[in-house]
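An overview of the molecular structure
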Amino acid sequence: MIRFSSRRRSLILASAISAGLSLTLAACGGGSSGGTKASVGSTPSAASSSGGICGGQTGSGNVVVGAFNFSESETLANIYAAALKECGYSTSVKSLGSREVVYPALKKGDLAVVPEYAATLTDFINQQQNGAKAPTKASGNITVTMSALRAELPSNLVALNPAQATDKNSFAVKSSLAKSANLTTMSDLATYSKSHPVSLAGPAECPTRPFCEPGLKQTYGMKISKFVNLGTDAGGPLTIKAIKTGKATVGLVFTSDPTPAANGLTILQDDKSLQASDNIVPIVQKQYSTGAFASAINAVDSKLTQDVLVGLNKAVELDRDPTAEVASGFLQQEGLTK
């Protein structure tokens, strides 16, 4: 299954966002919560009861954390690097560009760890091994996707624990409509579409992509009264504008994007798992798959809920807080410092 990629998403509509949250990292939106705000530091560290972030061990040596060339990946890489420093490692972050560059560098051993995306990486490796038209091995069930991914990885790479947070395709409506019609899931919207016209906004490929218009019809039984063709815009400013102005009832967005909630939109829950499970997952060199290194990375991922990831992206992309400060603030607020 070919998905629209949010990995190349540009900064959009920053001027529409009220400033001032800074390093409080109050998360806005994510999942089906729309404008719900939640403190990033609301729960104790999963590692705190078992020897702290480092698992009672100490690491050493120089390690390089890899990143793709977009802000979310770079933020996560900086958080990984800051966590590893807590455990005694000397760290640096290297942004290399696309997966076609990052993955070979990781396989070669030039990188110690990369914050990856489970479904996207699963299909990337699958297509490398079996051709561009190979059927997807990713699933809407993260357990199934992780099993497929771990079976594909070369012997020198290990997938650690996936986070709850995802960066995947999703669909949003105006929060006012979600409230008045009691819409929290895509199934709710499908029911709504039986008695109300529902227009869909998305990129030109949406009517032919199985996770977009065909998937909404087949998986959810949704009635689409009209498709609003937005050209190459996938989850961007044209999509946001189309939903806000009523040109479309629902539009394709991304689960980790802070922009929809900041513009009065609510992301509906994909309750039938139409979209593949693109959870954040750390891929590490086998030598780092145990001990202080793995403990630190797993402790970070245990805190990456959907609201937290949206909040991190808001702090960096919209509030313009420095990435390194956001990373250190995250560790402090989550109790992941020694």
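Residues numbered from 1 in each chain as written. Predicted model: local features only at pLDDT ≥ 70, side-chain atom pairs only at ≥ 80, totals over all residues. Heavy atoms only, no water.

1. Some words on the packing of helix H1 (residues 71–86) against helix H10 (residues 291–301)
To keep it simple, the criterion reads: A fitted line through C-alpha atoms represents every axis, and for helices the fit uses only the stretch in contact; the resulting angles, taken between N-to-C directions, go from 0 to 180 degrees. Secondary structure follows DSSP: runs of H or I at least 4 residues long count as helices, runs of E at least 2 residues long count as strands, and numbering of each begins at the N terminus. Oblique is the label for any angle not covered by the other classes, which are roughly parallel (under 35 degrees), roughly antiparallel (over 145) and roughly perpendicular (65 to 115). Whether a crossing is left-handed or right-handed is set by the direction in which the near helix is turned from the far one by less than a right angle, anticlockwise for left-handed and clockwise for right-handed. Any two residues having at least one pair of non-hydrogen atoms within 4.5 Å are treated as being in contact.
It is the contact of H1 with H10, at a shortest axis distance of 9 Å, that shows an interaxial angle of 135 degrees. Classified by the angle their axes make, H1 and H10 are oblique. The interaxial crossing formed by H1 with H10 has right-handed handedness. Of the residues in H10, those touching H1 at Ile79, Tyr80, Ala83 and Leu84 are Phe293, Ala296, Ile297, Val300 and Asp301.

2. Remarks on the confidence of the model for the chain
To keep things clear, this is the line we draw: Known as pLDDT, the predictor's confidence for each residue is given on a scale from 0 to 100.
On average, residues of the chain score 87 in pLDDT, and 85% of them reach the 70 mark or higher. Taken as a whole, residues 6–50 scores under 50 in pLDDT and shows 114 contacts with residues more than four places along the chain or in a different chain.

3. Observations concerning the sheet that holds strand E7 (residues 169–174)
So the rule is basically this: Strands qualify as paired when DSSP identifies two bridges or more between them.
On the basis of which strands lie adjacent, the open sheet formed by five strands has the order E9-E8-E10-E7-E11 and mixed pairing. Every other strand in the sheet has two partners, leaving strand E9 (226–229) and strand E11 (265–268) as the edge strands with one partner each. Pairs of neighbouring strands in the sheet enclose a mean axial angle of 35 degrees, with direction left out of account. Of the strand pairs in this sheet, E7 and strand E10 (residues 250–254) are connected by four bridges, and their pairing is antiparallel. Looking across to E10, one finds that Ser170 is bridged to Val253.

4. Topic: the pattern of salt bridges
Here is the rule we go by: Salt bridge, as applied in this entry: a Lys or Arg side-chain nitrogen positioned within 4 Å of an Asp or Glu carboxyl oxygen. The rule is simple: take the accessible area with a 1.4 Å probe, protein chains only, and divide by the maximum for that residue type; under 20% is buried, over 50% is exposed, in between is partly exposed.
Tallied over the full model, the rule gives six salt bridges. Across the pair Glu205 and Arg209 runs a salt bridge, and its minimum N-O distance is 4.0 Å. A salt bridge links Asp319 to Lys314; its shortest N-O distance comes to 3.0 Å. With respect to burial, Asp319 and Lys314 carry one shared label: buried.

5. Things to note about the state of the cysteines
Stated precisely, the cut-off is as follows: The definition used for a disulfide is geometric: two cysteine sulfur atoms within 2.5 Å.
Overall, the coordinates contain two disulfides when judged by the stated rule. There is a disulfide in this structure between Cys54 and Cys87, and the S-S distance comes to 2.1 Å. Its S-S torsion of approximately -100 degrees makes the covalent link between Cys54 and Cys87 left-handed. Taken as a pair, Cys54 in the loop between strand E2 (37–38) and strand E3 (62–68) and Cys87 in the loop between H1 and strand E4 (90–97) lie far apart in primary sequence, 33 residues in all.

6. Here's the deal with the environment of Ala163
Residue placement: Ala163 occurs in the loop between strand E6 (157–159) and E7. Among the residues examined, Ala163 registers a relative accessible area of 3% and is labelled buried. Separated by 138 residues in sequence, Ala163 and Asp301 place their C-alpha atoms 4.8 Å apart. Here Ala163 is in contact with Asn279, Ile280, Asp301 and Leu304, once residues within four sequence places are set aside.

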